[in-house]
Amino acid sequence: MQEDGKVFLNKASLDIAGLHEQLVGMRIIDTNLSVIVRGDSKTKYRQIRAVLDVCQQANVAKVDLATEAADKKK
């Protein structure tokens with residue numbers, strides 16, 4: 001997810017409704033589906049929460065958050 005609210009699934013841009021539809025379809029094919037949610041540094045928590053909510057609504061049980069190490073100041 002990006003700061004402007006764009007959501008990507010496997011590099012394809014989607015809106016939240018499209019994300020839900022795709023996840024439901026993927027989960028039908030793979031009942032053990034795993035999703036990694038990643039946001040850029042300016043993404044707001046509410047946007048991440050919306051993606052997590054869609055994952056839950058699509059019955060995707062395996063959801064992880066990708067994190068990046070904070071820049072270290074010298």
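Residues numbered from 1 in each chain as written. Predicted model: local features only at pLDDT ≥ 70, side-chain atom pairs only at ≥ 80, totals over all residues. Heavy atoms only, no water.

Caption draft 1: Summary view of the layout of surface pockets. Its boundaries defined by the atoms lining it, the second largest pocket holds a volume of some 240 Å³. Lining the second largest pocket are 13 residues, with Arg38, Gly39, Asp40, Ile48 and Ala66 sitting closest to its centre. Tallied by class, residues from the lining of the second largest pocket come to 6 nonpolar, 3 polar and 4 charged. (1 Å grid on protein atoms, 1.4 Å probe; cavity = no way out; pocket = protein on both sides within 12 Å on 5 of 7 lines; lining within 4 Å. Points joined across faces, edges and corners; volume = space filled by probe spheres on them. Nonpolar A, V, L, I, M, F, W, Y, C, P; charged D, E, K, R; others polar.)

Caption draft 2: Main features of helix α1 (residues 16-29). The first and last C-alpha atoms of α1 sit 20 Å apart over 14 residues, in line with the 20 Å expected at 1.5 Å per residue. Every buried residue of α1 is listed here: Gly18, Leu19 and Leu23. Buried residues of α1, seen end-on, are gathered within an arc of 130° and therefore sit on one face of the element. Within α1, the exposed residues directed more than 90 degrees away from the buried face are Ala17, Glu21 and Ile28. On the buried face of α1, the contacting elements are β1 (7-9), β2 (12-14), β3 (34-37) and α2 (45-57). (Helix = DSSP H or I, 4+ residues; strand = E, 2+ residues; numbered from the N terminus. Expected span 1.5 Å × (residues − 1). Buried < 20%, exposed > 50% of the residue type's maximum accessible area, 1.4 Å probe, protein only. Arc of directions from axis to C-beta. Contact = heavy atoms within 4.5 Å.)

Caption draft 3: Quick peek at unusual backbone geometry. Although it is not a glycine, Lys11 adopts a positive phi angle of roughly 70°. Positionally, Lys11 belongs in the loop between β1 and β2. Take Lys11: its relative accessible area is 81%, and that puts it in the exposed class. In the Ramachandran plot, Asn59 falls in the positive-phi region, its phi being about 60° despite a non-glycine side chain. Assignment of secondary structure puts Asn59 in the loop between α2 and β4 (62-65).

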